[in-house]
Amino acid sequence: ADERLGLTELAFSDLPGVTVSDMEIRREGKNYTVDTIAALQKEYPDAQLCLLVGTDMVETFEQWFRFEEILRSVTLYAMAREADEIARVEAAAAHLKNTCGGDVEVVTAEPLPVSSTQLRRLLPNRCGAEYLSPKVYREIIRKRLYAAKPAFDFLREESYVFLKARRVSHVWGCEHEARKLAERWGADPETAA
């Protein structure tokens, strides 16, 4: 939880007026969204609260603990994870509006075609950096979270700035020679590089 909190703080650090809360980590016992909303209402009594959910969450929203109370307390924003899910999100939002009377809006933004689960599967294969802010990716690599292995472009960009110009070609040559030797002797070229 602390690692995810730290990554979330990094992800939102450049957005003015945004605060990342650790209230759910500090709260003991089970955490329900309805409890978090009540705590936020108490802390920020004049704020209009919004809850952003993806396709799977808006479709199963009626299964959430005290979902009716949540709908009375926030504006629910639903966003498709993939382009072909937009109709499903619109249908689920309309259903919640019509049957529960909730303030439900559909976010029309280009979907990010990866889930957090998929991203955690990509990171050990030197993939997925393009879905993360540079600060977050750098921290994941620095702390070796999720068994992530750094993408070579990232490594070069991060390390070459510390080298004198004449050393860059030497380091680049070593990387390529290590690949060749690994291929020749049956070792993993990625690890050798």
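Our structure's up above, just so we're on the same page.
Residues numbered from 1 in each chain as written. Predicted model: local features only at pLDDT ≥ 70, side-chain atom pairs only at ≥ 80, totals over all residues. Heavy atoms only, no water.

Enquirer: Quick question: what am I supposed to make of the side chain of Arg126 here?
Expert: Counting through the fold element by element, Arg126 comes out in the loop between α7 (116–122) and α8 (134–143). One polar contact links the side chain of Arg126 to the main-chain carbonyl oxygen of Pro150, over a distance of 2.9 Å. Apart from the residues lying within four places of it in its own chain, the contact partners of Arg126 are Lys149, Pro150, Ala151, Phe152, Glu190 and Thr191. (Helix = DSSP H or I, 4+ residues; strand = E, 2+ residues; numbered from the N terminus. Polar contact = N/O pair within 3.5 Å; in protein donor to acceptor, adjacent residues only side chain to side chain. Contact = heavy atoms within 4.5 Å.)

Enquirer: Just to check I follow, could you spell out the sheet that holds strand β2 (residues 75–79) for this structure?
Expert: Taken together, 3 strands build an open sheet; the order of strands is β1-β2-β3 and the sheet is parallel. The two strands at the open ends of the sheet, each matched to only one other strand, are β1 (50–54) and β3 (104–107). Direction aside, the axes of adjacent strands within the sheet are offset by 30 degrees on average. In this structure, β1 lies alongside β2, joined through 5 bridges in parallel fashion. (Pairing = 2+ DSSP bridges. Axes fitted to C-alpha atoms, helices over the stretch in contact; angles between N-to-C directions.)

Enquirer: Could you clarify how one ought to interpret the nonpolar core in this entry?
Expert: The tendency in soluble globular proteins is for nonpolar side chains to be buried side by side. Core analysis: the biggest nonpolar cluster contains 20 residues, and Leu51, Phe61, Ile70 and Leu76 have the highest contact counts within it. Mapped by element, the contributors of at least two residues to this core are α3 (33–43), β1, α5 (67–73), β2 and α6 (86–100). Here this core takes 4 residues from α6, the largest share from any one element. Core analysis: the next-biggest nonpolar cluster, separate from the first, contains 13 residues, Leu7, Val114, Val136 and Phe154 among them. (Core = buried A, V, L, I, M, F, W, Y, C linked by side-chain atoms within 4.5 Å. Buried < 20%, exposed > 50% of the residue type's maximum accessible area, 1.4 Å probe, protein only.)

Enquirer: I keep staring at α8 and nothing clicks. Help me out?
Expert: Two residues of an α-helix separated by three or four positions point the same way, owing to the 3.6 residues in each turn. For α8, the set of buried residues is Val136, Tyr137, Glu139, Ile140 and Ile141. One or two steps after α8, the chain reaches Arg144, where phi turns positive at roughly 55 degrees.

Enquirer: Quick question: what am I supposed to make of the pairing of β3 here?
Expert: Taken residue by residue, a regular strand's side chains alternate between the two faces of the sheet. As judged from the 4 bridges shared by β2 and β3, these two strands associate in the parallel manner. When the sheet's bridge partners are listed, Ala78 is paired in β3 with Val106.

Enquirer: Hey, could you run me through the pattern of salt bridges in this one?
Expert: Note that side chains of opposite charge can pair when their charged atoms are close. Evaluation of the coordinates by the stated rule reveals 13 salt bridges. With a shortest N-O distance of 2.8 Å, Glu59 and Arg88 are connected by a salt bridge. With a gap of 29 residues between them, Glu59 in helix α4 (residues 55–59) and Arg88 in helix α6 connect regions that are remote in the sequence. Among the residues examined, Arg88 registers a relative accessible area of 40% and is labelled partly exposed. Glu85 serves as the salt-bridge partner of Arg88, at 3.9 Å between the closest nitrogen and oxygen. It is possible to trace a salt-bridge network through shared partners that takes in Arg126, Asp153, Arg156, Glu175, Arg179 and Glu190. (Salt bridge = Lys/Arg side-chain N within 4 Å of Asp/Glu carboxyl O.)

Enquirer: Teacher, can you tell me more about helix α9 (residues 152–160) here?
Expert: Listed as buried for α9 are Phe152, Phe154 and Arg156. Contacts from the buried residues of α9 go to α8, α10 (165–185) and α11 (189–192).

Enquirer: Is there a simple way to explain a nonpolar patch on the surface in this structure?
Expert: Together, Phe12, Leu15 and Val18 make up a nonpolar patch on the protein surface, roughly 250 Å² of accessible area in all. Topologically, Leu15 is positioned in the loop between α1 (2–12) and α2 (23–26). Accessibility expressed as a relative area gives 44% for Leu15, which makes it partly exposed. (Patch = residues over 30% accessible without salt bridge, like charges linked within 9 Å, V, L, I, M, F, W, Y side chains within 5 Å. Areas by Shrake-Rupley, 256 points an atom, 1.4 Å probe, with all protein chains shown as cover.)

Enquirer: Would you mind going over the environment of Val106 with me for this structure?
Expert: The topology assignment puts Val106 in strand β3. The exposure class assigned to Val106 is partly exposed, which follows from its relative accessible area of 30%. When neighbours within four sequence positions are excluded, Val106 is seen to be in contact with Ala78, Val89, Glu90 and Ala93.

Enquirer: For this particular structure, what's the right way to read the side chain of Glu85?
Expert: For Glu85, the location among the structural elements is in the loop between β2 and α6. By relative accessible area, which is 12% here, Glu85 ends up buried. Dropping the residues within four chain positions of it, Glu85 is found in contact with Thr55 and Ala80.

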